[in-house]
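Residue strings, one per chain:
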Amino acid sequence: MDIKVLLLLPAALLVSMQLRIPFSQAATIGISATLLPACNAGTTTSGSTSFGTLNFGNYASLTSAVNATSAQLAGSIRVNCVNGLTYKIVMDGGSSGVVTARRMVNTTNSALTLQYNLYTTAARTTVWDNVTGVSGTGNGADQWSTVYGRVPAQTTPAAGVYQDTVNVTVSW
């Protein structure tokens, strides 16, 4: 064999190997996301979350029942849950600690109280409690639950401002 052929043989092998090396390669990448079962509720201002205030208004006498109906940012419960997630809204008894006997307390004399309650329907027949509450299913948008309040007819206490704070819990 000619020495020139022997010298060219390694170069020829190298060229033929380069032809078999791919110049591109395809692969796949997996894509994943996990959507957690989550809700948010209320409006947060200065680090405090609230549903606003259900205001019964001003009255000189309580010889007749006084009704109040919440509105957005004024006592209605805003819940925003992911689509299809069920949730429940319950409320505690406020300062009385008893959901069937809620009371507002005079802001200057805590011995003076004003009876009231919160209900799940406009008929005001079912007290909004801390066990059954109101249930719903999230749709990914804000959902508002109306709170119906009633101050029953009662002996009118001393004039003044009466208030209560009720804790609302949204669970899912």
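As shown above, the structure is provided for reference.
I will try to describe carefully the structure that is included in this document. Note that this is a predicted model, so its numbers are computed, not measured. (Residues numbered from 1 in each chain as written. Predicted model: local features only at pLDDT ≥ 70, side-chain atom pairs only at ≥ 80, totals over all residues. Heavy atoms only, no water.)

Quick notes on the sheet that holds strand E8 (residues 113–115)
Inclusion rule: Here the rule is simple: two strands pair whenever DSSP picks up at least two bridges between them. Secondary structure elements follow DSSP: runs of H or I of four or more residues count as helices, runs of E of two or more count as strands, with numbering from the N terminus.
With antiparallel pairing, three strands are arranged side by side in an open sheet as E8-E7-E13. The sheet terminates laterally at E8 and strand E13 (162–163), the two strands that pair on one side only. Here two bridges tie strand E7 (residues 103–106) to E13, and the two strands are oriented antiparallel to one another. Within the sheet, the bridge partner assigned to Asn 106 lies in E13 and is Tyr 162.

Quick word on the layout of surface pockets
Note the cut-off: The method works on a 1 Å grid over the protein atoms by themselves. A cavity is a set of points holding a 1.4 Å probe that cannot get out, a pocket is an open set with protein on both sides within 12 Å along at least five of seven lines, and residues with an atom within 4 Å of a point line them. Grid points are joined across faces, edges and corners, and a volume is the space filled by probe spheres set on the points. Side-chain classes follow a simple rule in which Ala, Val, Leu, Ile, Met, Phe, Trp, Tyr, Cys and Pro form the nonpolar group, Asp, Glu, Lys and Arg form the charged group, and the remainder, Gly included, forms the polar group.
Counted as a void, the largest pocket has a volume near 1100 Å³. What lines the largest pocket is a set of 38 residues, and nearest its centre among them are Thr 53, Leu 54, Met 104, Gln 163 and Asp 164. Those elements that place two or more of their residues in the lining of the largest pocket are strand E3 (48–50) and E13. Taken together, the residues of the lining of the largest pocket break down into 23 nonpolar, 14 polar and one charged.

Quick word on the sheet that holds strand E14 (residues 168–171)
Basically, it comes down to this: Geometry is summarised by axes, namely lines fitted to C-alpha atoms with helices restricted to the contacting stretch, and by angles between N-to-C directions that run from 0 to 180 degrees.
One open sheet accounts for three strands, arranged E10-E6-E14; its pairing is antiparallel. Each edge of the open sheet carries a strand with a single partner, namely strand E10 (134–137) and E14. The average angle at which neighbouring strand axes cross in this sheet is 20°, direction not considered.

Thoughts on the state of the cysteines
What counts is decided by this rule: Our working definition of a disulfide is a cysteine sulfur pair at a distance within 2.5 Å.
Scanning the entire structure with this criterion turns up one disulfide. Disulfide pairing places Cys 39 opposite Cys 81 at an S-S distance of 1.8 Å. Negative torsions about the S-S bond denote left-handed disulfides, and the value of about 110° found for Cys 39 with Cys 81 makes this one right-handed. Here Cys 39 is found in strand E1 (residues 39–41), whereas its partner Cys 81 is found in strand E5 (residues 77–81), with 42 residues between them in sequence.

A few points about the nonpolar core
Heads up, the rule is: In plain words, nonpolar cores are sets of buried Ala, Val, Leu, Ile, Met, Phe, Trp, Tyr and Cys residues tied together by side-chain atoms within 4.5 Å. For each residue, the accessible area found with a 1.4 Å probe, counting protein chains only, is set against the maximum for its type, and the residue is called buried under 20%, exposed over 50%, and partly exposed in between.
Counting residues in hydrophobic clusters, the biggest one holds 24 residues, and the most contacted among them are Phe 56, Ile 77, Trp 128 and Val 151. Listing elements by their share of this core, those giving two or more residues are strand E4 (66–69), E5 and strand E6 (86–91).

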